[in-house]
Amino acid sequence: MRTTGTLTDALGAWRARARRAGADMAVGAAIAAGSMVALSLFLVTAYFVILFVIGIGAVALPIVTKGVRWLCNLNRRAAGRVGVPVAVPYHPEPQEFEKDIVGWMRRCKWILMDPATWRDLLWLLLNTAAGMIGLVPAAVLYYALEGLAVGAGLWQPILDANGSGRWYCFITVDSWPSALLALVAAGGLLFAWLWVSRPALKAHAYFTRFLLGPAERTVLASRVRHLAETRSTALDTQAAELRRIERDLHDGAQARLVGLGFTLGAVERNMDRKPEEARRLLREARESSVLALRELRDLVRGIHPPVLAERGLADAVRALGIDSPLEVVVEADVPGPLPAPVESAVYFSVSELLTNALKHSGADRVEIALRHEGDVLYARVADDGRGGADVGGGTGLHGIRRRLATFDGTLDISSPVGGPTVTKMEIPCALSSPKTSSS
């Protein structure tokens, strides 16, 4: 049984590799086909740029540039598919352009002033040659299949027709022994095909990143823009949180404490004349003080839960799971303490996701996984609900994304209709040093 299982696993691994090699070959063929399109786009775009310089190319330049950027973005995605991410470097488009000749000229100026436009043109020109590397996997497979066909017997009609054997891999196939050698060579090429597709695509991906990736100046500008946005978000969030705390204090604990003061004043007036009434008012005062204390504790938990400060993120998330009516399974691999702001952001994000699963998804079970690896905190929340979650469909998920963006974190949601919903969060952060005290 063990041998059968091992053989099945091995066959499954080879099938998976063959499927991946086939998919990579298809992507490579598309890249090679795109290199021909790249040459056409380069010639057309260069033509209209020249016409724009002399004043008559503005009409078609923005339209042609859309095609150029579309093709470049396809190749960026192809590079990301093989593990070479390429960020989109274009300057952000202005909010709107006038719908007249002035606006159209401003659009052309925005395109031509972007350094990425000229890098795109250079990539289009060079990719007419570099893109041919995408044909390497298909060529290797074709040559391997040709060798298998020749070695399996196709050499005989070729020999009868031409009077000479078929040349294959430095072997003249004109007899069965040479055909056997051709079969061995073809089998080796077929085996190599399983491994050659991914390196060929990666070579093109690095070429793409070199030319189509953002320049250092663009990266710095994007970073500054991102920091400005997240700073504004953090300030808005802080202001909203302060308003919430003020409102909760004013409408909750403060109102109860004011009422408690009036009740104690009534007790003082009725202590001698109406002792029974005074005792009743004291009971009300005690109940009001208990409620006020409970509201203050809830308010403190909403600011920074005590369990988070005392036990850390993993135990705080486990406490959320215990308090939830859903079946919650928590797996945590966080070997040390994390920065308090990061712990708070992840804690409230997980809490929001649990609330969504309870209110909207109809889930019965939620799995939460926390892992810290390579100075990055990974959090995964999966539920077995009906799915259909959308970041743009409400404020909850959008708020989580904004909260994580403050720490350069990301939020990724997969929620097809019918479920399940899987939410992944990543936040760059190093482990904090354990606190020490001198006593």
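All figures in this text were calculated on a predicted structure; none of them were measured in a lab.

**Side note on the sheet that holds strand β3 (residues 327-333)**
Thought 1: With mixed pairing, five strands are arranged side by side in an open sheet as β3-β4-β5-β7-β6. Single-partner strands in this sheet number two, and they are β3 and β6 (410-414). Neighbouring strand axes in the sheet, compared pairwise and without regard to direction, differ in orientation by 10° on average.
Thought 2: The pairing of β6 with strand β7 (residues 421-428) spans five bridges and is classified as antiparallel. Within the sheet, the bridge partner assigned to S414 lies in β7 and is V422.
Thought 3: Across the sheet, helix α10 (residues 313-323) touches β3, β4 (365-373) and β5 (376-383), and the angle it forms with β3 is around 175°.

**Quick word on the pattern of salt bridges**
Thought 1: This model, assessed by the stated rule, comprises nine salt bridges.
Thought 2: Through salt bridges with shared partners, one network takes in D24, R81 and R198.

**Comments concerning the packing of α10 against helix α11 (residues 340-361)**
Thought 1: Their axes nearest at 10 Å, the elements α10 and α11 cross at an angle of 20°. In terms of axis orientation, α10 runs roughly parallel to α11. The handedness of the crossing between α10 and α11 is right-handed. Note on element contacts: α11 touches α10 through E343, V346, Y347, V350, S351 and L354, opposite L313, A316, V317 and L320.
Thought 2: Class assignment for the residues of the contact of α10 with α11 results in eight nonpolar, one polar and one charged.

**Here we look at the UniProt feature "transmembrane region" (unreviewed entry) in the chain**
Thought 1: UniProt records the feature "transmembrane region" (unreviewed entry) at residues 21-42, 48-68, 121-145 and 176-196, using the numbering of this structure.
Thought 2: In the segment residues 176-196, helix accounts for 100% and strand for 0%; the C-alpha atoms at its two ends are 29 Å apart.

**With respect to the packing of aromatic side chains**
Thought 1: Overall, the coordinates contain two aromatic pairs when judged by the stated rule.
Thought 2: Aromatic pair F191 and W195: ring centres 6.1 Å apart, planes at 55°, arrangement tilted. Linking F191 with W195, this pair stays in helix α6 (residues 176-212), spanning four residues, or about one helical turn.
Thought 3: Since its relative accessible area comes to 44%, F191 is described here as partly exposed.
Thought 4: Aromatic pair Y347 and F348: ring centres 5.3 Å apart, planes at 85°, arrangement edge-to-face.
Thought 5: In this arrangement the basic side chain of R69 is found over the ring face of Y90, its NZ or CZ atom lying 4.0 Å from the centre.

**With respect to the environment of A78**
Thought 1: Secondary-structure assignment places A78 in helix α2 (residues 61-81).
Thought 2: Discounting residues that sit within four places of it in the chain, A78 has contacts with V27 and I31.

**Topic: a nonpolar patch on the surface**
Thought 1: Nonpolar side chains collect at one region of the surface, where W14, F191 and W195 lie side by side and expose about 340 Å² of accessible area between them.
Thought 2: The exposure class assigned to W195 is partly exposed, which follows from its relative accessible area of 42%.

**Looking at the environment of T65**
Thought 1: Considering the arrangement of structural elements, one finds T65 in helix α2.
Thought 2: C-alpha of T65 to C-alpha of T45: the two residues are 20 residues apart in sequence and 7.1 Å apart in space.

What counts, and where the lines are drawn
- Residues numbered from 1 in each chain as written.
- Predicted model: local features only at pLDDT ≥ 70, side-chain atom pairs only at ≥ 80, totals over all residues.
- Heavy atoms only, no water.
- Pairing = 2+ DSSP bridges.
- Helix = DSSP H or I, 4+ residues; strand = E, 2+ residues; numbered from the N terminus.
- Axes fitted to C-alpha atoms, helices over the stretch in contact; angles between N-to-C directions.
- Contact = heavy atoms within 4.5 Å.
- Salt bridge = Lys/Arg side-chain N within 4 Å of Asp/Glu carboxyl O.
- Parallel < 35°, antiparallel > 145°, perpendicular 65-115°, else oblique.
- Left-handed = near helix turned anticlockwise from the far one by under 90°.
- Nonpolar A, V, L, I, M, F, W, Y, C, P; charged D, E, K, R; others polar.
- UniProt positions renumbered as here; feature names shortened; annotations may be inferred.
- Phe/Tyr/Trp six-rings, centres within 6.5 Å; stacked < 30°, edge-to-face > 60°.
- Buried < 20%, exposed > 50% of the residue type's maximum accessible area, 1.4 Å probe, protein only.
- Lys NZ or Arg CZ within 6 Å of the ring centre and 35° of its normal.
- Patch = residues over 30% accessible without salt bridge, like charges linked within 9 Å, V, L, I, M, F, W, Y side chains within 5 Å.
- Areas by Shrake-Rupley, 256 points an atom, 1.4 Å probe, with all protein chains shown as cover.

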